[in-house]
Amino acid sequence: MKLETRKIPESEPEMVEIRYHWITDEIQEIITFVKSRQGQLSAARDGKRFEVPVVDLFYAESVDDRLFLYTAADSYEIRMKLYELEDLLKNKSFFRVSKSMIVNLMKITSVRPALNGRFSAILKNGEEIIISRKYVPALKQILKGGES
Amino acid sequence: MTGQKWKTLSIRALRLYTLLVTLITVLMIILGNLLDRDRVFSYDAFFSPLIYALIGTVATMITRSDKELSVRSLIIRKVTSLLIVEGAIVFIALNADTIPTDKNWGLPALVLGIFVVFVLTHVIQYFIDRKDAEKLNADLSRYQERQMNGSPIHEYHSQDGPGCN
């Protein structure tokens, strides 16, 4: 794929143009990356493609090698790996709470102890997710003002 | 194993050990006063709670897992841990003279006592975790306020929800 960048005057708006023959996985990956930088993720539900605002995301979960995004009431499938999404969203209040899940810290109402040193987080839509023991020290650090 | 993980694990083990020493000492005082008031010990008896607590801590640590266990697996591990502790302490008690296992009530009281300490340890651990959770909630609240007041996340805030392509 040919890459072209061009410096433009400040009076012109910055833009990314993708010229494609077909939307391949590679193209879709680039689109997803660019949209995520704009605060949106391109994901699918019932065969339709949706632009999901990052701020509306509650959590993302990897199930059987497929990655799902969850908002207050809906779920979407996104074609990327959890670690890639985690990397994309690391400066947007998302935090890894288990091997298969990242959660939006802005959507947590409260935290309470669960079994065996784990914690469970109650989300603003009433859902409850488990925070693995392994990730609790990092969570404490981030909430105290460390880097996410 | 990372340094942070070692640190967390060590703190947890030390906390459990201290808790067990305290609970076992209290249990020995209560059981001793109730059931064997006239018994006299040498200074060596002070080692008993330390040794029993060490057995309890080691049994808990070797049956712990880094994996996220299901509730069923967790219960199996806890029961295994309890059985190891019961077995080890009963074995020591039968071969030492700090606990009067020759009396009828000796062994049942010991087995029951270990179970009570086991349950109490978990109850106290839960309250410690609850205190941790309260602190986490306070930090979470401050974190969310900080993000709301200064984070670029607001540039992306959407009122309309996801749009269809």
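In this text, all values refer to a predicted model and were calculated from it rather than measured experimentally. (Residues numbered from 1 in each chain as written. Chains lettered and ligands numbered in written order. Predicted model: local features only at pLDDT ≥ 70, side-chain atom pairs only at ≥ 80, totals over all residues.)

**Some remarks on the overall build of chain A**
On a plain count of helices and strands, chain A comes out with three helices and 10 strands. Element order for chain A, N to C, with α for helix and β for strand: α-β-β-β-β-β-α-β-β-β-β-β-α. In chain A, which comprises 148 residues, the proportion classed as buried is 32%. Counting only contacts in chain A whose residues sit at least 6 apart along the sequence, the fraction spanning at least 24 positions is 34%. (Helix = DSSP H or I, 4+ residues; strand = E, 2+ residues; numbered from the N terminus. Buried ≥ 20, exposed ≤ 12 C-beta atoms within 10 Å, placed from the backbone. Contact = placed C-beta atoms within 7 Å.)

**Things to note about the overall build of chain B**
Looking only at helices and strands, chain B features four helices and one strand. N-terminal to C-terminal, the α/β element order of chain B is α-α-α-α-β. Put simply, 69% of the contacts in chain B that link residues at least 6 apart link residues at least 24 apart.

**Focus on the sheet that holds strand 10 (residues 128-131) of chain A**
Within a sheet, neighbouring strands are paired by backbone hydrogen bonds and run either parallel or antiparallel to one another. All names here are of chain A. The strand order across the open sheet formed by three strands is 8-9-10, and the pairing between neighbours is antiparallel. Edge positions in the open sheet fall to strand 8 (108-113) and strand 10, since each of these has one partner strand only. Each neighbouring strand pair of the sheet contributes to a mean axis angle of 30°, computed without reference to strand direction. Pairing of strand 8 with strand 9 (residues 119-123), which is carried by five bridges, proceeds in the antiparallel orientation. Residue pairing in the sheet places Pro-113 in a bridge with Phe-119 of strand 9. (Pairing = 2+ DSSP bridges. Axes fitted to C-alpha atoms, helices over the stretch in contact; angles between N-to-C directions.)

**Looking at the environment of Tyr-143 of chain B**
With respect to the helices, strands and loops of the structure, Tyr-143 of chain B is situated in helix 4 (residues 106-150). Setting aside residues up to four positions removed in sequence, Tyr-143 of chain B forms contacts with Leu-105 and Leu-143 of chain A.

**Digging into the environment of Val-63 of chain A**
Residues and elements named next belong to chain A. Along the chain, Val-63 turns up in strand 3 (residues 59-63). By C-beta crowding, Val-63 is classed as exposed, having 10 other C-beta atoms within 10 Å. When the C-alpha atoms of Val-63 and Ser-100 are compared, they prove to be 7.3 Å apart, with 37 residues separating the residues in sequence.

**A few points about helix 2 (residues 47-62) of chain B**
Taking 1.5 Å per residue as the helical rise, helix 2 of chain B with its 16 residues ought to reach 22 Å, and the 22 Å between its terminal C-alpha atoms agrees with that figure. Residues Pro-49, Tyr-52, Ala-53, Ile-55, Gly-56, Thr-57, Ala-59 and Thr-60 of chain B constitute the buried set of helix 2 of chain B. (Expected span 1.5 Å × (residues − 1).)

**Describing helix 3 (residues 71-95) of chain B**
The terminal C-alpha atoms of helix 3 of chain B lie 36 Å apart, and with 25 residues this matches the ideal 36 Å at 1.5 Å per residue to within 8%. Listed in full, the buried residues belonging to helix 3 of chain B are Val-85, Ile-89 and Ala-93 of chain B.

**Details of the confidence of the model for chain B**
Residue and element names in this part refer to chain B. Summing up the model confidence of chain B, the mean pLDDT is 79 and the portion of residues at 70 or higher is 83%. Mean pLDDT values over the elements of chain B span from 44, in strand 1 (residues 163-164), up to 87, in helix 4. Scored below 50 in pLDDT, residues 152-165 makes 27 contacts in the model with residues more than four places away or belonging to other chains. The complex model carries a pTM of 0.68, and its ipTM stands at 0.75. (pLDDT = per-residue confidence, 0-100.)

**Quick look at the nonpolar core**
For soluble globular proteins, the rule of thumb is that nonpolar side chains tend to be buried together. Counting residues in each nonpolar core, the largest one holds 33 residues, and the members touching the most others are Tyr-59, Ala-60, Leu-69, Ile-102 and Val-103 of chain A. Apart from residues lying up to four places away in sequence, Ile-102 of chain A is in contact with Tyr-59, Ala-60, Leu-82, Leu-85, Glu-86, Leu-89, Phe-94, Phe-95, Arg-96 and Val-97 of chain A. Listed in part, the 16 residues of the second largest apolar core include Leu-23, Ile-24, Ala-53 and Val-117 of chain B. (Core = buried A, V, L, I, M, F, W, Y, C linked by C-beta atoms within 7 Å.)

**Describing unusual backbone geometry**
Residues and elements named next belong to chain A. Positioned with a positive phi, Asp-65 is a non-glycine residue whose angle comes to about 70°. Turning to its location among the elements, Asp-65 is positioned in the loop between strand 3 and strand 4 (66-70). Of the residues examined, Asp-65 has 7 C-beta atoms within 10 Å and is grouped as exposed. Even without glycine at this site, Ser-93 takes up a positive phi of about 70°. Secondary-structure assignment places Ser-93 in the loop between helix 2 (82-88) and strand 6 (94-98).

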